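# Geometric and topological summary
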Amino acid sequence: MAVPAGRAVRVRVPATSANLGPGFDSLGLALAVYDEVVVRVRPEPGATVTVEGVGAGEVATDDTNLVVQAVRRGLAHAGVEQPGLELHAVNAIAHGRGMGSSAAAIVAGLMAARGLLAGVVDLDASTLLTLATEMEGHPDNVAPALFGGLTIAWMTAEGPAVKRLLVHRGVSPVVFVPTSTLSTKLARSLQPASVPHEDAAFNVSRSALLVAALIQSPELLLAATEDRLHQSYRASAMPETDALIGLLRQHGLAAVVSGAGPSILVLGSDPAQRLTAADLVERHAQSDWRALMLAVDLGGATVVPHSALEADPA
């Protein structure tokens, strides 16, 4: 079984912020800034990739590209012969800054595979989550990238599972993105193998409270985003992030490390808090930080199937 040459799909995937403070490796939020990829099957073997925006001139442009690898993973799961691929990406999600860029690339490739196989083989949502988690290593970013909104992800004996929740309309995210980067691998290496029972219990209570705050009671976000499991251990690798988070929290703002960092996520309980946060960062930061006033993405990854794309190639 093969995908016909010329078949193409367009995919759009949101950025994500994982952990959200206490919800380490379980909570994630989809944010309205996107990578877009067009994937086309070509008669020649191998893959070619062109990139505009973030990552242009930096990411791989052959079969080692992460989006290409994910497309091939999806096709292989369906038992489809591997075709030649042509990718064109327009990226807006910052790399290496805790906004889920690798999860977005993986989800983009798997969704592209799903679109290319439409009408032939169905890669359902559960399969996509499983494959994406296998590639990423954990489900906290891939779940909101796939499904949008606030997600709770966990592992079972059968694989990853997810519950998607709608976020209270008063929640107003802003992400502060520095010029520096930090690898997830390095961030994880700074955490201890075990933590005190008191700290674990503390985070259990805050994680439960955070879900309530995000879906029902935004006024509780400051208390709900307290964390003792990971942020303090990683602080030495991103001292300015740590200092700014401390400053923002002293002013009553629910600031946390976005994913593995070094970006900062502030979960405002109303839009005015975003402006307060932006003013504090502008006045006190020692380096350049870009403020992204973002909505919560509600739809997750989307794909325009080949039939529609052929009808409207623009």
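Residues numbered from 1 in each chain as written. Predicted model: local features only at pLDDT ≥ 70, side-chain atom pairs only at ≥ 80, totals over all residues. Heavy atoms only, no water.

Going by what an unreviewed UniProt entry lists, the protein is known as Homoserine kinase and is assigned to Curtobacterium caseinilyticum. Per UniProt, the comment on the protein under Function (unreviewed entry) is "Catalyzes the ATP-dependent phosphorylation of L-homoserine to L-homoserine phosphate." (UniProt positions renumbered as here; feature names shortened; annotations may be inferred.)

## Describing the packing of aromatic side chains
Aromatic ring pairs are described here by two measures, namely the spacing of the ring centres and the angle between the planes. Applying the stated criterion across every chain yields a total of zero aromatic pairs. For the cation-ring pair, Arg-206 lies above Phe-202, with the distance from its terminal atom to the ring centre recorded as 3.9 Å. Above the ring of Phe-202, the side-chain terminus of Arg-228 is found at 3.9 Å from the ring centroid. (Phe/Tyr/Trp six-rings, centres within 6.5 Å; stacked < 30°, edge-to-face > 60°. Lys NZ or Arg CZ within 6 Å of the ring centre and 35° of its normal.)

## Comments concerning the UniProt feature "binding site: ATP" (unreviewed entry) in the protein
Summarizing the sequence annotation, UniProt attributes the feature "binding site: ATP" (unreviewed entry) to Ala-94, His-95, Gly-96, Arg-97, Gly-98, Met-99, Gly-100, Ser-101, Ser-102, Ala-103 and Ala-104 in the numbering used throughout. Along the chain, the position of Met-99 falls in the loop between β4 (84-91) and α2 (101-116). Residue position: Ala-104 is located in helix α2. Taking the relative accessible area as the measure of exposure, Ala-104 reaches 1% and is therefore buried. Aside from chain neighbours lying at most four places away, what touches Ala-104 is Val-13, Pro-14, Asp-35 and Ile-93. (Helix = DSSP H or I, 4+ residues; strand = E, 2+ residues; numbered from the N terminus. Buried < 20%, exposed > 50% of the residue type's maximum accessible area, 1.4 Å probe, protein only. Contact = heavy atoms within 4.5 Å.)

## So, the pairing of strand β2 (residues 23-42)
By the bridge criterion, twelve bridges tie strand β1 (residues 8-19) to β2 in an arrangement that is antiparallel. Considered in β2, the bridge of Asn-19 is made with Gly-23. Here β1 folds back onto β2, and the loop between the two strands holds three residues, one of which, Leu-20, carries a positive phi near 55 degrees. Relative to strand β5 (residues 150-156), β2 runs antiparallel, the two being bridged by three bridges. Paired with Leu-27 across the strands is Ile-152, a residue of β5. As paired elements, β2 and β4 share seven bridges and run antiparallel to each other. Within β4, the position partnered with Arg-42 by the bridge is Gly-84. (Pairing = 2+ DSSP bridges.)

## Things to note about the sheet that holds strand β10 (residues 289-293)
Spatially, four strands are ordered β8-β9-β7-β10 in an open sheet, and the strand pairing comes out antiparallel. Edge positions in the sheet fall to β8 (255-257) and β10, since each of these pairs with one other strand and no more. On average, each strand axis in the sheet is tilted by 25 degrees relative to the strand beside it, whichever way the strands run. Taken together, the five bridges between strand β7 (residues 172-178) and β10 define a ladder with antiparallel strand orientation. Its bridge partner being in β10, Pro-178 is matched across the sheet by Trp-289. Across the sheet, helix α9 (residues 239-250) is in contact with β8, β9 (264-268) and β10; its angle to β8 comes to roughly 160 degrees. (Axes fitted to C-alpha atoms, helices over the stretch in contact; angles between N-to-C directions.)

## Considerations on the environment of Gly-100
Of note, Gly-100 is situated in the loop between β4 and α2. Classification of Gly-100 as buried rests on a relative accessible area of 12%. Separated by 192 residues in the primary sequence, Gly-100 and Leu-292 place their C-alpha atoms 15 Å from one another. Apart from the residues within four sequence positions on either side, Gly-100 is in contact with Thr-16 and Asn-141.

## Observations concerning the pairing of β1
Judged by how many residues are buried, β1 sits mostly within the fold: ten of twelve residues are covered. Of the pairings in the sheet, the one linking β1 to strand β11 (residues 302-304) comprises three bridges and is antiparallel in character. Bridging across to β11, Arg-12 finds its partner in Thr-302.

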